[in-house]
Amino acid sequence: MGERKGQNKYYPPDFDWRTHDSLNAYHGVHALRERARKLDQGIMIIRFEMPFHVWCTHCNQHIGKGVRYNAQKTHTGNYHSTRIFTFKMNCHLCGGTLRVRTDPQNRTYEMVEGLRKKITEWEPDTENGAPDLTEDEERKKLQTDVIYRQEHLKEDEDRALREAHPKLERAMAIQSRMQDDWKLSSLLRGKFREGRNERK
């Protein structure tokens, strides 16, 4: 009920703007309603979405990426000027405590308590056309050596042109065939128009 009162524009007859700053102050509720019930402790209730597939260490059950929880968000530190937040929630399968912390240095999340990140490994199938992933040394060389990077880009462009050449030839053949069909069709229509009046 308080939420509706704060959102609409109805001002009660005893509302005085001199004594009440806002409708929320008049009704004695916070603008964030139930989400702000622990704000005096520095905790805000938010809706947190699991950033990756994880395992709950309490019940050894899988929690999928995108599962949402009502989490308690607290400010736990800073990385330079970026704030670090910790999200505390309960597992929906066993009720165990789960804690996730932001990691702005590595642009990811840390599993602090009750969670283990699911690691999936796979081998690329290079025989059927999957690209070969570059090794760490080659990746570093691509980032640091400008000449090597330009040679690598040139090789990629040449390979792309070689692979695209047969496809382009097929497309041009189809296009030339379509042009011929149009010419034949226009000749046929022209002849049909010539004898149309005589046939009537």
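Above this text you will find the structure in question.
### Concerning unusual backbone geometry
Phase 1: The phi torsion at Asn 60 lies on the positive side, around 55°, for a residue other than glycine.
Phase 2: Here Asn 60 falls in the exposed class, since its relative accessible area comes to 53%.
Phase 3: Of note, the phi angle at His 80 is positive, near 55°, even though the residue is not glycine.
Phase 4: Within the secondary structure layout, His 80 lies in the loop between strand S4 (68-79) and strand S5 (82-90).
Phase 5: For His 80, a relative accessible area of 71% corresponds to the exposed category.

### Let's talk about the pairing of strand S6 (residues 97-103)
Phase 1: Pairing of S5 with S6 involves 5 bridges; the strand directions are antiparallel. When the bridges of S6 are listed, Phe 87 appears paired with Val 100.
Phase 2: Connecting the antiparallel pair S5 and S6 is a turn made up of 6 residues, with Gly 95 showing a positive phi of about 85°.
Phase 3: Note: S6 against strand S7 (residues 108-113), 5 bridges, orientation antiparallel. In the strand pairing of S7, Val 100 is matched with Met 111.
Phase 4: Between S6 and S7, which pair antiparallel and follow one another directly, the connecting turn spans 4 residues, one of which, Arg 107, has a positive phi of 55°.

Calculation rules
Residues numbered from 1 in each chain as written. Predicted model: local features only at pLDDT ≥ 70, side-chain atom pairs only at ≥ 80, totals over all residues. Heavy atoms only, no water. Buried < 20%, exposed > 50% of the residue type's maximum accessible area, 1.4 Å probe, protein only. Helix = DSSP H or I, 4+ residues; strand = E, 2+ residues; numbered from the N terminus. Pairing = 2+ DSSP bridges.

From the geometry alone we can't say anything about function, so treat these as descriptive.
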